[in-house]
Amino acid sequence: MKFERKEVEVVRSPLALRTKRFATGALGKPADVLATFGDALFTGASNGVGSVHDGKVTVYNRTEGKRPCRLAEGNGPGLGAAWYTDPDGDSIGKVSADGEFVSAMKADGGPASIGADPYRPLFASSNGSTIYLVGSEGMKRISCPHPRIDAVSWGQFEMIWYVSGSVLQSITYTGVSGRKVDLPSGTRIDTLVRNRNDILEHPVYYCDTRRDVIGRILDERVIEYQLPAGTGPRALTIGLHSNPWFTGRGGQSLFQFEYHKRAIEYVCSTPGSDLTRVSAFNDDMWFTEPAADSISSASVAGF
């Protein structure tokens, strides 16, 4: 499998990103956020899931487990429900749009990462070598030849991709290892994001803050796009027109990765911004802002 590197420039836009904050309340510092149809779900530092609907924040407390962490679509794009990981409680589950916790399942190894697919979500153990695939027939365990899994996602042709340290590896849902790519030493990736809008290639993206890169995984090659030093991509999502968007610059900016040629930077005008994790639905972007114990939203219509 080919590994390529390309340099891309960052161009600062005159347009400013204007965010609106919502305090996370009892959930404390936000861990993740999921954009839905005009609203958002979020997790934090305690055992529950929060919701923002019509500008109102509601916290749904959970009586079992430890603490929901990562989120992914639960009923299709924008429909409100979400899958979640509970790494401290060795479990995974689903929360409905109105805060009902359902489909809780035991998943050993501290499932910390999640591969977004509303009907066949993937969960990966952070201190073990297991990928959990949840489908109509229950939960399937897929054993991997690495001691830990940092991120996981579906890719092309029913292939699963995962990251373990500096190794990028594919595996089938029956457990047969496929292509392997050794990434540069010091790689740190905690999320893989599949672009389901690209019906031809279904590329999988990642970002690495330490190395200032955005990566794109295709069927027969991996391309890393080198950003200028100090860009510091934190997390990414796929926008309305299939372009990846990512947070960076120490939480001060949002970037649009335009056609794999350049990144357009939109500086956040909100004082003390700490844009970290990001989730998109149409032109609406939602962010976690741990330093402010808040999540925030912004429209990128016209950007």
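Residues numbered from 1 in each chain as written. Predicted model: local features only at pLDDT ≥ 70, side-chain atom pairs only at ≥ 80, totals over all residues. Heavy atoms only, no water.

**Re the pattern of salt bridges**
Close approach of charged atoms lets side chains of opposite charge pair.
Thinking step 1. Applying the stated rule across the entire model yields 17 salt bridges.
Thinking step 2. Glu 158 is the salt-bridge partner of Arg 120, the closest N and O atoms lying 2.7 Å from each other. Here Arg 120, found in the loop between strand 12 (111-115) and strand 13 (122-125), pairs with Glu 158, found in the loop between strand 16 (151-154) and strand 17 (159-164); they are 38 residues apart in sequence, far enough to count as distant.
Thinking step 3. Classification of Glu 158 by relative accessible area gives partly exposed; the value is 38%.
Thinking step 4. One salt bridge connects Glu 224 with Arg 211, and the closest N-O pair in it is separated by 2.8 Å. Residue Glu 224 is found in strand 23 (residues 221-226), and its partner Arg 211 is found in the loop between strand 21 (204-208) and strand 22 (213-217); the two are separated by 13 residues along the sequence.
Thinking step 5. Residue Arg 211 is classed as buried on the basis of its relative accessible area of 14%.
Thinking step 6. Among the charged side chains, a network of salt bridges with common partners joins Arg 5, Asp 208, Arg 211 and Glu 224. (Salt bridge = Lys/Arg side-chain N within 4 Å of Asp/Glu carboxyl O. Helix = DSSP H or I, 4+ residues; strand = E, 2+ residues; numbered from the N terminus. Buried < 20%, exposed > 50% of the residue type's maximum accessible area, 1.4 Å probe, protein only.)

**With respect to the layout of surface pockets**
Thinking step 1. Within this model, the largest pocket holds a volume of roughly 740 Å³.
Thinking step 2. Those elements giving two or more residues to the lining of the largest pocket turn out to be strand 4 (32-35), strand 8 (71-73), strand 12, strand 20 (193-194), strand 24 (236-238) and strand 28 (278-281).
Thinking step 3. By residue class, the composition of the lining of the largest pocket is 17 nonpolar, 10 polar and 6 charged.
Thinking step 4. Roughly 320 Å³ of volume is contained in the second largest pocket.
Thinking step 5. In this structure, the second largest pocket is lined by Arg 70, Arg 188, Ile 189, Asp 190, Cys 207, Asp 208, Thr 209, Arg 210, Arg 234, Ala 235, Thr 276 and Arg 277.
Thinking step 6. The residue inventory of the lining of the second largest pocket, partitioned by class, reads 3 nonpolar, 2 polar and 7 charged. (1 Å grid on protein atoms, 1.4 Å probe; cavity = no way out; pocket = protein on both sides within 12 Å on 5 of 7 lines; lining within 4 Å. Points joined across faces, edges and corners; volume = space filled by probe spheres on them. Nonpolar A, V, L, I, M, F, W, Y, C, P; charged D, E, K, R; others polar.)

**Some points on the nonpolar core**
Soluble globular proteins: nonpolar side chains tend toward being buried together.
Thinking step 1. If you look at the biggest cluster of nonpolar residues, it comprises 15 residues, and the most contacted ones within it are Ile 214, Leu 227, Leu 236, Phe 246, Phe 257 and Ala 263.
Thinking step 2. At the level of elements, strand 21, strand 23, strand 24 and strand 26 (253-258) are the ones that each hand at least two residues to this core.
Thinking step 3. For Phe 246, the residues in contact, after removing those within four places along its chain, are Ile 214, Leu 227, Thr 231, Pro 233, Ala 235, Leu 236, Ser 253, Leu 254, Phe 255, Phe 257 and Ala 263.
Thinking step 4. Core analysis: the next-biggest nonpolar cluster, separate from the first, contains 14 residues, Trp 245, Ile 264, Leu 275 and Val 300 among them. (Core = buried A, V, L, I, M, F, W, Y, C linked by side-chain atoms within 4.5 Å. Contact = heavy atoms within 4.5 Å.)

**Quick notes on the sheet that holds strand 12**
Thinking step 1. Reading across from one edge, 12-13-14-15 is the order of the 4 strands in this open sheet, with antiparallel pairing throughout. Each having just a single partner strand, strand 12 and strand 15 (138-143) make up the two edges of the open sheet. Adjacent strand axes in the sheet meet at a mean angle of 25° when their direction is disregarded. (Pairing = 2+ DSSP bridges. Axes fitted to C-alpha atoms, helices over the stretch in contact; angles between N-to-C directions.)

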